[in-house]
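Residue-level listing of the chains:
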Amino acid sequence: MSEWQSIAAKARCHNRLTDGEVLALADMGGENDAELLSLAGSLRDSGFRNVVTYSRKVFIPLTHLCRDVCHYCTFAKTPKRIDSPYMSVEQVLDSVREAEKMGCKEALLTLGEKPELRYKAAREALAQMGFATTLEYVTHVAKRILEETSLLPHINAGCMTADEIAMLRPVSASMGIMLESAAERLSEKGMPHYGSPDKEPAVRLETMRLAGEARVPFTSGILIGIGETRRERLESLLALRELHEEFGHLQEIIVQNFRAKPDTKMAAAPEPDLNELLWTIAVCRLVFGPEMSIQAPPNLSPGVLEKIVAAGINDWGGVSPLTPDFVNPEAPWPHLEELARETAIAGKHLQERLTIYPAYAIDFNQWLDSAMHERVLDIIDTEGFPRTDSWLTGQHAELPQDDVRWLGETVRDMDVSADIRDILNRASTGEALSESEVVRLFQSRGPDFAAVTKAANTLREKLCGDSVSYVVNRNINYTNICYFKCQFCAFSKGKLSENLRGRPYDLSPEEIARRCTEAWSRGATEVCMQGGIHPEYTGQTYLDILATVRSATPDMHIHAFSPLEVWQGAATLGQGIEPFLQQLKEAGLNTLPGTAAEILDDEVRAQICPDKINTQQWLEVMETAHRIGLRTTATIMFGHVDRLEHWARHLLRVRDLQARSGGFTEFVPLPFVASEAPVYLKGKARKGPTFRESVLMHAVARLVLNGLINNIQASWVKLGHNGVEACLNAGVNDVGGTLMNETITRAAGATHGQETSPQQMDALIRAMQRQPRQRTTLYEPVPEEREHTARAAGALLDVINTPAQKYERSGGRKNLAKNAADDLIASA
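Residues numbered from 1 in each chain as written. Predicted model: local features only at pLDDT ≥ 70, side-chain atom pairs only at ≥ 80, totals over all residues. Heavy atoms only, no water.

S.K.: Could you clarify how one ought to interpret the overall build of the protein in this entry?
M.R.: Looking only at helices and strands, the protein features 33 helices and 18 strands. Against the globule reference of 28 Å for 828 residues, the protein gives a C-alpha radius of gyration of 31 Å, in line with a compact fold. Taken along its principal axes, the extent of the C-alpha atoms in the protein is 95 × 65 × 50 Å. Within the span of the protein, comprising 828 residues, buried residues form 62% of the whole. Within the protein, contacts between residues separated by at least 24 positions form 78% of all contacts whose residues are at least 6 apart in sequence. (Helix = DSSP H or I, 4+ residues; strand = E, 2+ residues; numbered from the N terminus. Rg over C-alpha atoms; globule rule 2.2 N^0.38 Å. Buried < 20%, exposed > 50% of the residue type's maximum accessible area, 1.4 Å probe, protein only. Contact = heavy atoms within 4.5 Å.)

S.K.: Mind showing me how you'd approach unusual backbone geometry here?
M.R.: Leaving glycine aside, a negative phi is the common case for residues, and trans is the common case for peptide bonds. Of note in this structure, Phe 561 is not a glycine but carries a positive phi near 75°. Within the secondary structure, Phe 561 is located in the loop between β13 (557-560) and α22 (563-572). A residue is classified by how much of its surface remains accessible, and Phe 561, at 1% relative accessible area, is buried. A positive phi angle, near 75°, is found at Leu 739, a position not held by glycine. As for its position among the elements, Leu 739 is in the loop between β17 (734-737) and α30 (744-747).

S.K.: Would you explain helix α19 (residues 447-464) in this entry?
M.R.: Every α-helix winds through 3.6 residues per turn, so residues three or four apart in the chain are directed the same way. Helix length check: α19, at 18 residues, gives a terminal C-alpha distance of 25 Å against a target of 26 Å (1.5 Å per residue), a fit within 8%. Within α19, 13 of the 18 residues are buried, which leaves it mostly tucked inside the rest of the structure. Directly beyond the C-terminal end of α19, a positive phi value near 65° is found at Gly 465. (Expected span 1.5 Å × (residues − 1).)

S.K.: Would you explain the pairing of strand β1 (residues 51-63) in this entry?
M.R.: Looking along a regular strand, one sees the side chains alternate between the two faces of the sheet. Among the 13 residues of β1, 13 are classified as buried, and the element is accordingly described as predominantly covered. Here β1 runs beside strand β9 (residues 349-353); their pairing, made up of five bridges, is parallel. If you follow Thr 53 over to β9, its bridge partner there is Gln 351. One ladder, built from three bridges, connects β1 with strand β8 (residues 315-319); its direction is parallel. (Pairing = 2+ DSSP bridges.)

S.K.: Even after reading the chapter, I still don't get the pattern of salt bridges, so can you show me in this structure?
M.R.: Pairing between side chains of opposite charge can happen when their charged atoms approach one another. What the rule picks out here adds up to 60 salt bridges. Measuring nitrogen to oxygen at the nearest pair gives 2.9 Å for the salt bridge that ties Arg 241 to Asp 19. With Arg 241 in helix α9 (residues 230-247) and Asp 19 in helix α2 (residues 19-24), the pair connects residues that are 222 residues apart, well separated along the chain. Exposure remark for Asp 19: the relative accessible area of 41% places this residue in the partly exposed category. In this structure, Glu 235 engages Arg 231 in a salt bridge whose closest nitrogen and oxygen atoms are separated by 3.3 Å. Of the two residues, Glu 235 and Arg 231 both sit in helix α9, four residues apart, roughly one turn of that helix. Beyond isolated ion pairs, a larger network of salt bridges with shared partners links Glu 435, Asp 601, Glu 603, Arg 643, Glu 645, Arg 649 and Arg 653. (Salt bridge = Lys/Arg side-chain N within 4 Å of Asp/Glu carboxyl O.)

S.K.: Got a minute to help me understand the packing of helix α17 (residues 418-428) against α19 in this structure?
M.R.: Two measures define how a pair of helices packs: the angle their axes make with one another and the distance between the axes. Across the interface, α17 lies against α19 with an axial gap of 11 Å and an inter-helix angle of 10°. When the axis of α17 is compared with that of α19, the two are roughly parallel. Across the interface between the two elements, Ile 420, Leu 424 and Ser 428 from α17 touch Asp 448, Ala 451, Val 452, Ala 455 and Leu 459 from α19. Looking at the contact of α17 with α19 residue by residue, the classes come out as six nonpolar, one polar and one charged. (Axes fitted to C-alpha atoms, helices over the stretch in contact; angles between N-to-C directions. Parallel < 35°, antiparallel > 145°, perpendicular 65-115°, else oblique. Nonpolar A, V, L, I, M, F, W, Y, C, P; charged D, E, K, R; others polar.)

S.K.: Would you explain the confidence of the model for the protein in this entry?
M.R.: Regions with low pLDDT carry predicted coordinates that are not meant to be interpreted in detail. Of the residues in the protein, 94% reach a pLDDT of 70 or more, and the chain-wide mean stands at 93. Every residue in residues 744-748 scores below 50 in pLDDT, and together they form 18 contacts with partners more than four places removed in sequence or on other chains. In this model residues 819-828 is a low-confidence stretch, pLDDT under 50, and it forms 13 contacts with partners more than four residues away in sequence or in other chains. (pLDDT = per-residue confidence, 0-100.)

S.K.: Which parts of the structure should I look at to understand the pairing of strand β6 (residues 250-257)?
M.R.: Counting buried positions along β6 yields eight of eight residues, so the element is predominantly enclosed. Bridge analysis of strand β5 (residues 218-224) against β6 gives seven bridges, and the strand direction is parallel. In the sheet register, Leu 223 faces β6, and the bridge partner there is Gln 256. Read as a crossover between parallel neighbours, the route from β5 over α9 to β6 is right-handed. (Right-handed = clockwise from strand over helix to strand, strands pointing away.)

S.K.: What is the right way to read the environment of Phe 75 from this model?
M.R.: If you trace the backbone, Phe 75 turns up in the loop between β1 and α4 (89-101). Considering only alpha carbons, one finds Phe 75 and Pro 781, 706 residues apart in sequence, at a separation of 74 Å. Aside from chain neighbours lying at most four places away, what touches Phe 75 is Pro 61, Thr 63, His 64, Thr 110, Leu 111, Gly 112, Phe 326 and Val 327.

Below you can see the structure in the form of structure tokens.
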């Protein structure tokens, strides 16, 4: 085996190359270049799949003054060649606001190195504005950008001290400095960095080390073709790798090719050819492996972008629809539509990112100053990419047209990632998927998204045909008082939450009976009953509620009590779960809703509902219910603090239980509604899933649960009618209940109303060229009398929410379910 073959085999297995192996690449001949490029592209695919990213930015040249004199630079100018030493705050904000209108999310602040150390004009201008240094002014400008616009500053401030980095961290999402080269030789007389003290490699590397210590998401890279050798290039990459392995803070490595510019000392210098650029990108990928983002600016290599993608990059860097590249003004940015087209020709999907890369945005507690947490959380999706449209769960808004287009797109197999094709083939046969495979489905974008949703819809058609079902039912939430402190819930009312929507109430038996009787008179076959965990409620309370409903409407299907309520009821009576469920069944309970599941992963539950039953307890209640003949539904409430792996674990845990018990009738995704939720109002959660994520949850559920749960439901309360229509093309066969009353989601800020009548359901379904079917809770046909009654229903009477008399249990909380839960487990 040759030295190259040995190195390639090691890299192919994602193993780290030694410094010696990396340096050996410099001396290898061009006969291995084709294999090198192929290997680099393969490594990139394993880390970034079919996605190539870019940041939509505005370029702010805060000052062109610089104390350095790099021989290739046209950005730096002397005071005599500029109108003003610094852009004013007003000029900056004018540019940023214009960029904001164009959808930009990054404000790139670029400036020369410490001009006040060289130019009197800089010192005087700073003094007049009230600042001692350029970086103090940068801090002020970045703060104003954050306060007055929605853009995130990225600061290229040059070499910095630890104190300067600390000053900038609260007002920026990321920072950067190009290493350019670690070759000290380039600072000697006659070389491009001569006379530029800030280009000394040790000084720049020290800035990067300090940024690593400060946990700053950082950008760096190399400039090729300025007189360095291939070996020096590799030594520069190794210097960057050493820093990253110590601190983990380098979010991207830029490989930038030198462009000769008029009126510089290097105007006649040869530019690196395409092969040199491709070789450097490829070896960079081998040095850093599949996980590092590697960038090449698209405006510096027009016409060969497909080849650059093939060499292993996964990012185009910042692209501005408004401002030029002030560092390379001779090279205009490509139009974003053209960049997307050329990226697609290369077999990749162009995806916008923020200035802070997704992995760092998701891990914001480690990588961002606390002042930036809420700002970033509010604009990212579950993977850390930016939200690019105004669609929100529970709100009236147009569907994002890019996502809708992919939903209806027929894509060629060759345009779909090979691993996605393999996963879809196996899911379609009912094969169990691994957690990583389910995560991969949730990562689908572009053609992969189209393929996943189409596969789910094809499976729906096979299992359910063109029938779309719904149930005529009534929601009855008997109290909104709850002693649990779930951070996602805007419905429950306690002593500390009267400022949220509505006053505390506790329905009287008479009002419960009235609502049930009215529901039956309007054609309902089901009442769905849940409520807060009132400190005065015991298991007997739930038995009494059943007696009230059964007395008022003997033939009504009672779908009631979440696993949390079952657990609490059993605990307050000192019973185990099974005997209490048996009591409920004998008292008239027909089925249980699968709520209180939220995310079936205790890492998430510790953040959003730490005092609630845990994952195993929820599963225990459901398995016990199934064992005694009570069917249940299953839900997932997603899009808050959770990540894709949590979604995958949830689906697989539901699948595993269903494989044992067969008791779930349906799976219901419930997208998080954020606007009134405490965890969102505190700045601790995202603002709900994106539309794409919401659609994918339904589609992936169809694929993961294939052969075990046939009914996948979309919630019109969460998604709106147009969102439900989209999900009907992504694996959904059921649209839930007509509801009559809805309070929980509306309390969280949803605006889609309280009732969708049977006539509206029929019209919605027929508009999608599907056949509506009114069903029972157990998906059986309903009597004709019920159908006719439902369609002749009159208006609802106003509900009466009986004012609550108490918030607390008499004598304290010593017998409440939370305190008894561990004892129940121990005695089971």
